[in-house]
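# Residue-level structure breakdown
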Amino acid sequence: MAIANRVEASVGSKEDAGSKIMRHAGLLSGQLQQLRTRMYPPKSEKTLRPFLTNEVSKLTSIPDSTLKLMSTEGRGPIPSRLENNHRVYTLDQINELRELFAMQKPADALRFLPRRRAGEHLQVLAIANFKGGSAKTTTCVHLAHYLALHGYRVLALDLDPQASLSALFGAQPEVDVGSNETIYAALRYDDAERRPIRHIIRRTYFDGIDLIPGNLEVMEYEHETPRILANKSSSGAIFFERLKLALLEVEADYDIVILDTPPSLGFLTLSAIYAATSMIITVHPAMLDVASMSQFLLMMGDLISVLNESGAQLDQDFIRYLVTRHDPNDAPQSQVVAMLRHLFGSDVLLPTAIESTAVEAAGLAKRSVYELELGQIGRDTHKRAREAVDAVNEAIVRLVNESWGRT
């Protein structure tokens, strides 16, 4: 009888769609926060693992023997010791070593500290595709981590309202990112509320990487811009210039800016394309995804034409396609990859982002492959994934260096 009464009450007060969606959003958000609290207790922050001397040697090109001698003689940053007595360095200490060797060996300074030099422009790299599941965010976070591990100064900018990139850097969008704390704060049209971009940049636990987080607030730019355009308001810069002008305010602080674009071709994506000096278009090698990318390219071409008609000049250093979630043993995928290479030639990056259980395991723990420690997954699995991710990132860094005129 009690069950029947509850059923009647439920039927009698049927929940409308909007209320149900909001209730489900609240339930899911609360559950995610509980999971996050279990992974990272309230008073703790996400941290980066230390690096063994052989890893430091590979990252910096400083011989292992030199590192051990410096440690014994007390020169440079002093490494910590693990229980097995192995020496380990933090990333901050690794960067200290880079600066030390760059000063001691000026002729080889670029090898130790590859930051951009005078005359080299800020590289703004947009990772784009309007189809979900193309691994845009995974590509962004692995590239950002790779660059920071190799001594570059990186700004990661989350333009996606889903804010997966922010979450991977330890900023839960519903909890840790408040009002006027996303890129919208620097782009909004009302002068009273707009903030300098420097005020919304956050340091992360990953030395060398700063973050502008995202959440649903960034969608306000998509809603506000059409109203400004309809009113033909002259408030501030033309809408597609605002992001580029904001980034100019912090140009001297970074070598590379990585833009994680939303899975749509709205005003934010258009702003990202205009601000970008280069672009990586991610594509999963399946026919539905390739068909979707075809529509994306057609629409993007139309939008770029609109920008050109408005007097905007897009002069990008490079545009490349990156095959993601690639299973080399899958025959249909191999056919798609071969087709892309036939059509686009060298514009398709030669290395591909291999589908790997290591990448999936890292993602579940809100980490990249670079953050996994030996023993968390199988050694061979980790090695294959790391080599594949390194190959992709090395190819992108080569393009960046070419754009700077480096050989």
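Residues numbered from 1 in each chain as written. Predicted model: local features only at pLDDT ≥ 70, side-chain atom pairs only at ≥ 80, totals over all residues. Heavy atoms only, no water.

The subject of this paragraph is the packing of helix 14 (residues 287-309) against helix 15 (residues 331-344). The contact between helix 14 and helix 15 brings their axes to 11 Å, and the two run at 30°. Comparing the axis directions of helix 14 and helix 15 gives the class roughly parallel. Note on packing geometry: the crossing formed by helix 14 with helix 15 is right-handed. Together, M287, V290 and M293 of helix 14 and V336, M339, L340 and F344 of helix 15 make up the contact between the two elements. (Axes fitted to C-alpha atoms, helices over the stretch in contact; angles between N-to-C directions. Helix = DSSP H or I, 4+ residues; strand = E, 2+ residues; numbered from the N terminus. Parallel < 35°, antiparallel > 145°, perpendicular 65-115°, else oblique. Left-handed = near helix turned anticlockwise from the far one by under 90°. Contact = heavy atoms within 4.5 Å.)

The strand order across the open sheet formed by 3 strands is 1-3-2, and the pairing between neighbours is antiparallel. What marks the edges here is a single partner per strand, and that holds for strand 1 (51-52) and strand 2 (80-81). In the sheet, strand 1 pairs with strand 3 (residues 87-89) via 2 bridges, with the strands oriented antiparallel. What sits directly across from L52, in strand 3, is V88. (Pairing = 2+ DSSP bridges.)

By volume, the largest pocket amounts to about 1,200 Å³. What lines the largest pocket is a set of 49 residues, and nearest its centre among them are T137, T138, A163, S164 and L168. Elements that contribute at least two residues to the lining of the largest pocket include exactly helix 2 (17-39), helix 7 (136-149), helix 8 (164-168), helix 9 (173-176), helix 16 (357-364) and helix 17 (379-403). Looking at the lining of the largest pocket, its residues break down into 21 nonpolar, 18 polar and 10 charged. When its volume is computed, the second largest pocket comes out at roughly 690 Å³. R49, E55, L374, H382 and R386 are, among the 21 residues lining the second largest pocket, the residues nearest its centre. Of all elements in the fold, only helix 3 (53-60) and helix 17 reach the threshold of two or more residues within the lining of the second largest pocket. Per element, the largest residue contribution to the lining of the second largest pocket is 7 residues, and it comes from helix 17. For the lining of the second largest pocket, a count of residues per class yields 8 nonpolar, 3 polar and 10 charged. Residues lining the lining of the second largest pocket come from more than one domain, with at least three contributed by each of domain 1 (51-107) and domain 2 (123-404). (1 Å grid on protein atoms, 1.4 Å probe; cavity = no way out; pocket = protein on both sides within 12 Å on 5 of 7 lines; lining within 4 Å. Points joined across faces, edges and corners; volume = space filled by probe spheres on them. Nonpolar A, V, L, I, M, F, W, Y, C, P; charged D, E, K, R; others polar. Domains from an automatic or database assignment.)

Tracing the backbone shows T225 in helix 11 (residues 219-230). Excluding residues that lie within four positions of it along the chain, T225 makes contacts with Y189, F239 and F267.

All right, on to the environment of A395 then. The residue A395 is located in helix 17 in this model. Looking at A395, the relative accessible area reads 7%, which means it is buried. Residues A395 and L349 lie 46 residues apart in sequence; the distance between their C-alpha atoms is 7.3 Å. Non-local contacts of A395, meaning those with residues more than four positions away in its chain, are made with L349 and P351. (Buried < 20%, exposed > 50% of the residue type's maximum accessible area, 1.4 Å probe, protein only.)

This paragraph deals with the confidence of the model for the chain. It should be kept in mind that the predicted coordinates are not to be read in detail where pLDDT is low. Summing up the model confidence of the chain, the mean pLDDT is 88 and the portion of residues at 70 or higher is 89%. Note on residues 1-11: pLDDT is under 50 here. Beyond four places in sequence and across chains, it has 0 contacts. (pLDDT = per-residue confidence, 0-100.)

As a further point, take the sheet that holds strand 7 (residues 209-212). Pairing is mixed across the open sheet formed by 7 strands, whose spatial order is 6-7-5-8-4-9-10. Two strands in the sheet have a free side with no partner beyond their single neighbour: strand 6 (202-203) and strand 10 (318-323). Bridging between strand 6 and strand 7 involves 2 bridges; their strand directions are antiparallel. Looking across to strand 7, one finds that R202 is bridged to L211.

Another point: the pattern of salt bridges. The final tally for this structure, using the stated rule, is 16 salt bridges. Of the charged contacts, one joins K383 and E387 as a salt bridge, the two residues approaching to 2.7 Å between their closest N and O atoms. Taken together, the positions of K383 and E387, both in helix 17 and 4 residues apart, correspond to about one turn of that helix. (Salt bridge = Lys/Arg side-chain N within 4 Å of Asp/Glu carboxyl O.)

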